[in-house]
Every structure is written in C-alpha cells, then in structure tokens.
Amino acid sequence: MIDLHLHTTASDGTLDPKALVRRAFSAGIRALSVTDHDTMAGVSLADQEATSLGVEFVSGIEITAVLNGADVHILGYFLHPAPHLLASFLEKQREDRLRRARKICKSLELLKMSINIENLITEAEKNNQVITRPVLAKALLKAGYVKTEREAFGRWIGDGCPAYVQRQGSSPEEVVKVISKAGGVSVLAHPGLLRKDQLIPRLVQAGLVGLEVHHPQHNERQRTHYFELAKKNLLIASGGSDYHGDNHHNAKCLGVVGTPRKEFLALRERLNKMHGVVS
Ligand code: AMP
Ligand code: MN
Ligand code: MN
Ligand code: MN
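Residues numbered from 1 in each chain as written. Chains lettered and ligands numbered in written order. Predicted model: local features only at pLDDT ≥ 70, side-chain atom pairs only at ≥ 80, totals over all residues. Heavy atoms only, no water.

With that settled, the discussion passes to the coordination of the manganese ion (ligand 4). Taken together, the protein ligands of the manganese ion (ligand 4) are His5 (NE2), His7 (NE2), Glu62 (OE) and Asp242 (OD), with distances of 2.1 to 2.2 Å. Between consecutive donor residues of the manganese ion (ligand 4), the sequence gaps follow H-x1-H-x54-E-x179-D. Separating the manganese ion (ligand 4) from the manganese ion (ligand 2) is a distance of 4.6 Å. You can see His5 sitting in the loop between strand E1 (2-3) and helix H1 (17-26) and its partner Glu62 sitting in strand E3 (residues 56-67), a full 57 residues away along the chain. The residues His5 and Glu62 share a single accessibility class, namely buried. (Donors = N, O, S within 2.8 Å, 3.2 Å for Na, K, Ca; no water. Helix = DSSP H or I, 4+ residues; strand = E, 2+ residues; numbered from the N terminus. Buried < 20%, exposed > 50% of the residue type's maximum accessible area, 1.4 Å probe, protein only.)

Below is the structure:
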C-alpha cells in the first residue's frame, strides 16, 4: 500500500513523525508521504524512521491556498524541506495562521468563550507545531464550552460559523507555481470535499500534475468522477488516507485507501519530466 496523505504532530496529527511511520508500517504501508498543513517540520524524522524500516519515503506538504475566501488544499511532493523560496513562503503561511487564530479567539471572547491564545501559541512553538483550528477546538473542549471537537467546528469555528475567520493567502495557482519552483509536483487534495471542479483546468495550466482521487471522504461516485476528470486532463490519480491519528474518523482507512503503484510511478515520471531529477 502507498499512502501519500498523512499528518503528524507537526500539524494536527496525534502521532509524532517517527510513531506515525511505525503506525503506517504496521498497517501494511510500504511507501508514504508526510503531508502536514503548511509545514515540513515532521519530514526529516519521518524520513529517518522510514529508511530504517525500509519504507519508501516522499517528502510532502499540504498547503492551504485561498480562493474567494475559501480554503483550497494543495498537496506538494518531492520538495526539499528547506529551499529558500519555500521556507519564506511557508513562514508567511504560518504567520497568517497566527493572525487567524488570534482573530477567531477574539470572536470567541465576544461570544463569552475565553481561550488564552498566547499560551497556546507559545506551547505550539515549543513543540515546533503549526497552529490549526483543531488546536482551538481542543481548547474549547478543555474549557468545557463544547462537549466534542466536532461540536466546536459545527457550532463555532467551522466554515460560516459565528467565530469563523477567513484565511488570507496565495491563490491556488500561485501555490502550484511555488511548489513547481521549489522542485516539486502538486496534487489537488480531496476535490470531492472542495467541490470546485471549475478550478481544475486553471490549475492544470499553472502546472498541477495530479488529483487526489482516492480519499476516505470520497464516495464511489466521486471516485469515478475524479478518476475520469484526471484522465481527461492528463492528471495522475493519486490518493491517501488523510490519517490524523487513531481517534480521527479517517483512521479506519489507514492501509486501505492509497495510491495505486501505477499512478505512483507516473507521479515520479512526471517529476523527472518537470525537473529532470530522480528523487
Ligand atoms: P485549519 O487549516 O487551521 O483551518 O484547520 C483545518 C483542519 O481542521 C483540517 O485539516 C481538518 O483536520 C480539521 N477540520 C476541518 N473541519 C473539521 C470538522 N468539521 N471537524 C473536525 N475537524 C475538522
Ligand atoms: Mn488536518
Ligand atoms: Mn485537507
Ligand atoms: Mn490532510
């Protein structure tokens, strides 16, 4: 099994990079990519553990782009963890995460739900972890304002909720171009959750190479639909479990949902065509 979509404690996953790789290995995964939100902080430890287990490793990331105020997730693969251009781009992404988290907490305060955001930021920085909305959901739960993290998203911080704050950031096209410039290839994450198919041709123009056809939250009909769209646009039909930990609803898909080997090889071929390197 090949899984190209996994999260660690560097973003909103519950396992640290080494533990994540061991967990994936025990689920039968033999090639994987770690794709944390807007950070590659987990990549090198995961790579070390994968190498020691004989698991093929692909460096990765899931970058949040913004289109008309809505988040668009773009997966990047075969990136070097710290090329200058990418490092400064990601730094800006994370700065916006802080701006947004502080603003969400201001709204929550007006709603009589106080969270000490500065403490959360200090704690996250100590652990080299980026701030994500799940951190805020956990804080709301801990403070007793909600009974579950799901409720935190559903009532307060999810898209369109009273304390929802839009992201600010690069367009999906710009993110695809940044990934290409940094020597990688990009894939549109879970297009079935995004529901913006009209965006795909524009992204292909910008250099997109794949569509995440196989994803736990895609039903059979969506899988078929995106497989056909990938074929039509000469895109690679990749996939992964989007695993965040065993307590997360995607956990049952670890070792089950992934990228077919043929598509994985095609992804590498595309990388070679674009950048002339074997990674
Ligand atoms: P952020 O990038 O900070 O907006 O956080 C987005 C992350 O929150 C996603 O990658 C999911 O892991 C998580 N998430 C988004 N919506 C929900 C939801 N309704 N319930 C639980 N987790 C969610
Ligand atoms: Mn996530
Ligand atoms: Mn995503
Ligand atoms: Mn993800």
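Picking up where we left off.
Around the manganese ion (ligand 3), the protein contributes the donor atoms Glu62 (OE), His73 (ND1) and His190 (NE2), at 2.1 to 2.2 Å from the metal centre. Donor residues binding the manganese ion (ligand 3) come from one chain and are separated in sequence as E-x10-H-x116-H.

The subject of this paragraph is the domain arrangement of the chain. On domain assignment, one finds that the chain holds domain 1 (2-83 + 171-275) and domain 2 (91-157). A straight line from the C-alpha centre of domain 1 to that of domain 2 covers 25 Å. Of the residues lining the interface, 11 residues belong to domain 1; the matching set on domain 2 comes to 10 residues. When domain 1 packs against domain 2, the two sides together hide about 860 Å² of surface, and 38% of this comes from carbon and sulfur. Taken together, the links from domain 1 to domain 2 amount to one salt bridge. Here Asp38 ties to Arg97 by a salt bridge, and the two come within 2.9 Å at their closest N and O atoms. If you look at where domain 1 meets domain 2, you find seven residue pairs in polar contact (both at pLDDT 80 or more). Its residues assigned to classes, the side of domain 1 that touches domain 2 comprises three nonpolar, five polar and three charged. (Domains from an automatic or database assignment. Contact = heavy atoms within 4.5 Å. Buried area = accessible area lost by both parts, 1.4 Å probe. Salt bridge = Lys/Arg side-chain N within 4 Å of Asp/Glu carboxyl O. Polar contact = N/O pair within 3.5 Å; in protein donor to acceptor, adjacent residues only side chain to side chain. Nonpolar A, V, L, I, M, F, W, Y, C, P; charged D, E, K, R; others polar.)

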